[in-house]
Amino acid sequence: MHEGKEVKTEEKMFDKIVKKKKSTSLRNKIIAALAVVVIIVLGVYLCFDKLFVFKKLVVVDADTGKQITTPYSQEELCNGMGLKKGMKLFSKSEKDIVNEAKYNLTYIKDIEISRKLPNTYVAEVKLAKERFYLSINGTIYILSDDLTVLESGNSVSENRIENLILLRLSSVKGCVTGEKLKIDEETEKILLELTGVLETEKALGNIRMIDLCDKFDISLQYGTKFYVKLGDFKDFGNKIKMMNEIIKDKAGTTASGTIDVVKDFGKTGTLKKF
């Protein structure tokens, strides 16, 4: 009887020892696994904190993928995008960078941001194209081809605007840097239609002034030699073709004067010397 009880007691003690060893082994495995996780997390943190920091901004053309220069310095670009050298590369979202760039950098028409590890932001941009300028109360406003105000200043040099088109408009409701020029819808529509026709007919690069003060008496300055009367806003296509024919006919001569494509509209137009 006693021997049976002793055997059972020994078996129970053995089971307890086995269970304790298993429990200890499992606990050790869990602790080891947690240690590995902590090491991995710490390693990732150190990589992000020390390795993936912003050092370089590369700007490329969105269409060609080639690196380009912009009207801004590297410092101005970084400030406009809210980027600071040494900041964590993943501390700012692409969306936030894009929004700040579009708000602060008026010459950037469109932009996409990506990261190139370990330390570079890549900006794919479409730059706004300077096309027009306005002079209002001594201030020069430079506009893009879609009439966005790119910049303004009181001391813009002649060289800065010599290849831009002077706009003469009867009323401007608003002219704020970074925003579209505020003029009445009809005037904007006429202006964009006219410049579209001039571009199609390969004449836009020679235009130095567009006068839209009166939509029934529109005029252009073509280079330094020809002042062009277009009359109203109808049938720009034929009028510009007629203008081109007259100028082409006078190529290589010293001819200059006023081209009138209104008076004899539908025929040949006229050139009256200054």
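What counts and what doesn't
- Residues numbered from 1 in each chain as written.
- Predicted model: local features only at pLDDT ≥ 70, side-chain atom pairs only at ≥ 80, totals over all residues.
- Heavy atoms only, no water.
- Helix = DSSP H or I, 4+ residues; strand = E, 2+ residues; numbered from the N terminus.
- Buried < 20%, exposed > 50% of the residue type's maximum accessible area, 1.4 Å probe, protein only.
- Contact = heavy atoms within 4.5 Å.
- Areas by Shrake-Rupley, 256 points an atom, 1.4 Å probe, with all protein chains shown as cover.
- Polar contact = N/O pair within 3.5 Å; in protein donor to acceptor, adjacent residues only side chain to side chain.
- Arc of directions from axis to C-beta.
- Phe/Tyr/Trp six-rings, centres within 6.5 Å; stacked < 30°, edge-to-face > 60°.
- Core = buried A, V, L, I, M, F, W, Y, C linked by side-chain atoms within 4.5 Å.
- Pairing = 2+ DSSP bridges.
- Axes fitted to C-alpha atoms, helices over the stretch in contact; angles between N-to-C directions.
- Expected span 1.5 Å × (residues − 1).

Caption draft 1: How the structure looks around the overall build of the chain. Looking only at helices and strands, the chain features 6 helices and 12 strands. Looking at the chain residue by residue over its 274 residues, the buried ones come to 35%. In the chain, the proportion of contacts linking residues at least 24 apart, taken out of those at least 6 apart, comes to 50%. With the model as given, the accessible surface of the chain reaches about 17500 Å², and the carbon-plus-sulfur share is 53%.

Caption draft 2: Structural context of the side chain of T187. Structurally, T187 is set in helix α5 (residues 185-200). Among the residues examined, T187 registers a relative accessible area of 15% and is labelled buried. A polar contact is formed between the side chain of T187 and the side chain of D184, at a distance of 2.7 Å.

Caption draft 3: Examining helix α2 (residues 74-81) more closely. Of the residues making up α2, those classed as buried are L77, C78, G80 and M81. End-on view of α2: buried residues confined to an arc of 165°, all on one side of the axis. When the buried face of α2 is taken as reference, the exposed residues oriented beyond 90 degrees from it are E75 and N79. Each element contacted by the buried residues of α2 is listed here: β1 (56-61), α3 (94-104), β2 (108-116) and β3 (120-127). Looking one or two residues beyond α2, the residue adopting positive phi is G82, at roughly 75°.

Caption draft 4: Spotlight on the environment of D217. One can find D217 in the loop between β8 (207-211) and β9 (218-222). When its relative accessible area of 46% is taken as the criterion, D217 is described as partly exposed. Residues contacting D217, with those up to four places away along its chain left out, are D211 and G231.

Caption draft 5: Broad picture of the packing of aromatic side chains. Here the structure, examined in full by the defined rule, presents 5 aromatic pairs. Taken together, a centroid distance of 6.0 Å and an interplanar angle of 50° make the contact between F216 and F233 tilted. Of this pair, F216 sits in the loop between β8 and β9 while F233 sits in the loop between β10 (226-231) and α6 (236-249), and the two are 17 residues apart along the sequence. The class for F216 is exposed, based on a relative accessible area of 53%. Take F233: its relative accessible area is 24%, and that puts it in the partly exposed class. Here the aromatic rings of Y222 and F226 are separated by 6.4 Å at their centres, their planes lie at 65°, and the arrangement is edge-to-face. With respect to class, Y222 is no different from F226; both count as buried.

Caption draft 6: Region of interest: the nonpolar core. Counting residues in hydrophobic clusters, the biggest one holds 36 residues, and the most contacted among them are L198, I210, L220 and M243. Every element with two or more residues in this core is listed here: β4 (130-136), β5 (139-144), β7 (165-168), α5, β8, β9, β10 and α6. Considering each element in turn, this core owes the most residues, 6 residues, to α6. Formed by 31 residues, the second largest nonpolar core is a distinct cluster that contains L77, L83, L89 and Y107.

Caption draft 7: The sheet that holds β3, seen in detail. If you walk across this open sheet you meet the 3 strands as β1-β3-β2, and the pairing is mixed. The open sheet has two free edges, formed respectively by β1 and β2, since each of these has just one partner strand. For this sheet, the mean angle separating the axes of adjacent strands, direction not counted, is 25°. When β2 meets β3, the two strands line up antiparallel, connected through 8 bridges. Bridging from a neighbouring strand, E112 pairs with E124 of β3. With respect to the sheet, α2 is in contact with β1, β2 and β3, its orientation differing from that of β1 by roughly 95°. Helix-sheet contacts for α3 involve β2 and β3, and the interaxial angle to β2 is about 150°.

Caption draft 8: Spatial organisation of α6. Over its 14 residues, α6 runs 20 Å from end to end, which matches the ideal 20 Å to within 8%, given 1.5 Å per residue. For α6, the complete set of buried residues consists of F236, K239, I240, M242, M243, N244, I246 and I247.

Purely spatial values, then, with no claim about function.
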